[in-house]
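Structural overview
Residue strings, one per chain:
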Amino acid sequence: MRLGELKSEIMTLGFEEAATMSDGEYGLIVANGINRAMQQIALEVAPVTSEFEFVCDEDSVRSGGYVVFDISLIPEYEEGDYLGVSSVMFVSGGEMVFGSVFKELPGRLYLEDRGSGVFYIEYKRRPR
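So, here is what we can say about the structure in this document.

A look at the side chain of S60
- Locating S60 in the fold gives a position in the loop between β1 (48-56) and β2 (62-63).
- Among the polar contacts made by the side chain of S60, one reaches the main-chain amide nitrogen of D57 at a distance of 3.1 Å.
- Leaving out residues up to four positions away in the same chain, S60 has contacts with F54, V55 and V67.

Dropping the structure here:
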(Lines give C-alpha, C1' and ligand atoms only; values in the text may rest on other atoms or scores of the structure.)
Protein backbone atom coordinates (compact mmCIF):
# COMPACT_ATOMS: atom_id res chain seq x y z
CA MET A 1 0.00 0.00 0.00
CA ARG A 2 1.38 3.40 -0.96
CA LEU A 3 1.18 6.68 0.95
CA GLY A 4 -1.55 8.03 -1.33
CA GLU A 5 -3.69 4.95 -0.75
CA LEU A 6 -3.25 5.28 3.03
CA LYS A 7 -4.24 8.95 2.90
CA SER A 8 -7.31 7.97 0.88
CA GLU A 9 -8.22 5.33 3.49
CA ILE A 10 -7.89 7.90 6.31
CA MET A 11 -10.20 10.28 4.44
CA THR A 12 -12.66 7.45 3.62
CA LEU A 13 -12.85 6.52 7.29
CA GLY A 14 -13.83 10.12 8.02
CA PHE A 15 -10.80 11.18 10.04
CA GLU A 16 -9.71 14.01 7.74
CA GLU A 17 -10.76 16.02 4.71
CA ALA A 18 -8.79 16.21 1.48
CA ALA A 19 -7.85 19.89 2.02
CA THR A 20 -6.40 19.15 5.47
CA MET A 21 -4.40 16.19 4.22
CA SER A 22 -2.63 18.27 1.58
CA ASP A 23 -1.83 21.08 4.04
CA GLY A 24 1.97 21.46 4.17
CA GLU A 25 3.11 20.88 7.74
CA TYR A 26 0.06 18.88 8.86
CA GLY A 27 0.34 16.65 5.79
CA LEU A 28 3.95 15.89 6.76
CA ILE A 29 2.85 14.95 10.30
CA VAL A 30 0.27 12.54 8.87
CA ALA A 31 2.83 11.08 6.43
CA ASN A 32 5.40 10.61 9.21
CA GLY A 33 2.78 8.97 11.44
CA ILE A 34 1.85 6.57 8.64
CA ASN A 35 5.52 5.75 8.02
CA ARG A 36 6.11 5.00 11.73
CA ALA A 37 3.02 2.80 11.89
CA MET A 38 4.08 0.88 8.77
CA GLN A 39 7.58 0.36 10.23
CA GLN A 40 6.13 -1.01 13.50
CA ILE A 41 3.80 -3.33 11.58
CA ALA A 42 6.69 -4.55 9.41
CA LEU A 43 8.82 -5.26 12.50
CA GLU A 44 6.05 -7.42 13.97
CA VAL A 45 4.88 -9.18 10.79
CA ALA A 46 8.26 -9.80 9.12
CA PRO A 47 10.97 -8.77 11.57
CA VAL A 48 14.56 -8.24 10.54
CA THR A 49 16.63 -10.87 12.30
CA SER A 50 20.30 -11.46 12.94
CA GLU A 51 22.16 -14.32 14.53
CA PHE A 52 25.12 -14.71 16.82
CA GLU A 53 26.72 -17.53 18.72
CA PHE A 54 27.68 -17.52 22.37
CA VAL A 55 30.27 -20.05 23.55
CA CYS A 56 29.39 -21.18 27.05
CA ASP A 57 32.27 -22.59 29.10
CA GLU A 58 33.40 -22.83 32.74
CA ASP A 59 34.27 -19.09 32.74
CA SER A 60 30.75 -17.98 31.74
CA VAL A 61 28.74 -16.02 34.31
CA ARG A 62 26.04 -18.16 35.95
CA SER A 63 23.12 -17.30 38.21
CA GLY A 64 20.31 -19.51 39.55
CA GLY A 65 20.44 -22.21 36.87
CA TYR A 66 21.01 -19.76 34.03
CA VAL A 67 24.01 -18.60 32.03
CA VAL A 68 24.02 -14.79 31.86
CA PHE A 69 24.81 -13.06 28.56
CA ASP A 70 25.31 -9.29 28.27
CA ILE A 71 23.38 -8.10 25.19
CA SER A 72 25.90 -5.32 24.49
CA LEU A 73 28.42 -8.06 23.56
CA ILE A 74 26.41 -8.99 20.43
CA PRO A 75 28.65 -8.40 17.40
CA GLU A 76 27.75 -5.15 15.60
CA TYR A 77 25.49 -4.18 18.53
CA GLU A 78 24.08 -0.66 18.50
CA GLU A 79 22.01 0.88 21.31
CA GLY A 80 18.31 0.42 20.57
CA ASP A 81 19.03 -2.09 17.81
CA TYR A 82 18.12 -5.23 19.80
CA LEU A 83 14.36 -5.97 19.96
CA GLY A 84 14.24 -9.46 21.47
CA VAL A 85 15.05 -13.13 20.97
CA SER A 86 13.39 -15.07 18.13
CA SER A 87 14.91 -18.50 18.79
CA VAL A 88 17.63 -20.25 20.75
CA MET A 89 19.46 -23.49 19.96
CA PHE A 90 22.08 -25.14 22.18
CA VAL A 91 24.72 -27.53 20.78
CA SER A 92 27.03 -29.67 22.89
CA GLY A 93 28.87 -32.85 21.90
CA GLY A 94 26.75 -33.38 18.78
CA GLU A 95 23.48 -32.94 20.70
CA MET A 96 21.19 -30.11 19.57
CA VAL A 97 18.48 -28.68 21.79
CA PHE A 98 16.00 -26.32 20.12
CA GLY A 99 13.93 -23.87 22.12
CA SER A 100 16.24 -23.67 25.11
CA VAL A 101 14.63 -21.89 28.03
CA PHE A 102 15.58 -18.25 28.36
CA LYS A 103 14.55 -15.06 30.12
CA GLU A 104 15.14 -11.51 28.97
CA LEU A 105 15.81 -8.69 31.36
CA PRO A 106 17.06 -5.20 30.42
CA GLY A 107 20.54 -5.58 28.95
CA ARG A 108 20.80 -9.27 29.84
CA LEU A 109 19.79 -12.61 28.41
CA TYR A 110 19.45 -15.55 30.82
CA LEU A 111 19.93 -18.90 29.04
CA GLU A 112 19.17 -22.25 30.63
CA ASP A 113 22.47 -23.64 31.97
CA ARG A 114 23.15 -26.85 30.05
CA GLY A 115 26.89 -26.98 30.73
CA SER A 116 29.57 -26.23 28.17
CA GLY A 117 28.56 -25.78 24.55
CA VAL A 118 27.45 -23.18 22.04
CA PHE A 119 24.21 -21.19 22.03
CA TYR A 120 23.02 -20.10 18.60
CA ILE A 121 20.71 -17.14 19.13
CA GLU A 122 18.50 -15.48 16.54
CA TYR A 123 17.17 -12.07 17.55
CA LYS A 124 14.92 -9.36 16.15
CA ARG A 125 16.55 -6.02 15.43
CA ARG A 126 15.69 -2.67 13.96
CA PRO A 127 16.44 -2.34 10.23
CA ARG A 128 19.54 -0.32 9.38
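From this point on, the discussion continues.
A look at the environment of S116
- Its place among the elements puts S116 in the loop between β7 (108-112) and β8 (117-125).
- Sequence spacing of S116 and D57 is 59 residues, and the spatial spacing of their C-alpha atoms is 4.6 Å.
- If near-sequence neighbours (up to four positions away) are discounted, S116 is found in contact with C56, D57, E58, F90 and S92.

Observations regarding the sheet that holds strand β5 (residues 95-98)
- Spatially, β1-β8-β4-β5 is the arrangement adopted by the 4 strands of the open sheet, whose pairing is antiparallel. Edge positions in the open sheet fall to β1 and β5, since each of these has one partner strand only. The average undirected angle you get between the axes of adjacent strands in this sheet is 25°.
- Of the pairings in the sheet, the one linking β1 to β8 comprises 9 bridges and is antiparallel in character. Within the sheet, the bridge partner assigned to C56 lies in β8 and is G117.

Describing the packing of aromatic side chains
- Summed over all chains, the structure comprises 7 aromatic pairs.
- Measuring from centroid to centroid gives 5.1 Å for F52 and F69, while their planes differ by 20°, and the two rings are stacked. Here the residue F52 occupies a position in strand β1, and F69 occupies one in strand β3 (residues 66-70), the gap between them amounting to 17 residues. By the burial criterion, F52 is buried, and F69 matches it.
- Aromatic side chains F54 and F69 sit 4.8 Å apart centroid to centroid with 55° between the ring planes, which places their arrangement in the tilted category. Residue F54 is located in strand β1, and its partner F69 is located in strand β3; the two are separated by 15 residues in the primary sequence.

The rules behind these values
- Residues numbered from 1 in each chain as written.
- Predicted model: local features only at pLDDT ≥ 70, side-chain atom pairs only at ≥ 80, totals over all residues.
- Heavy atoms only, no water.
- Helix = DSSP H or I, 4+ residues; strand = E, 2+ residues; numbered from the N terminus.
- Polar contact = N/O pair within 3.5 Å; in protein donor to acceptor, adjacent residues only side chain to side chain.
- Contact = heavy atoms within 4.5 Å.
- Pairing = 2+ DSSP bridges.
- Axes fitted to C-alpha atoms, helices over the stretch in contact; angles between N-to-C directions.
- Phe/Tyr/Trp six-rings, centres within 6.5 Å; stacked < 30°, edge-to-face > 60°.
- Buried < 20%, exposed > 50% of the residue type's maximum accessible area, 1.4 Å probe, protein only.

Nothing here speaks to function; it is all geometry.
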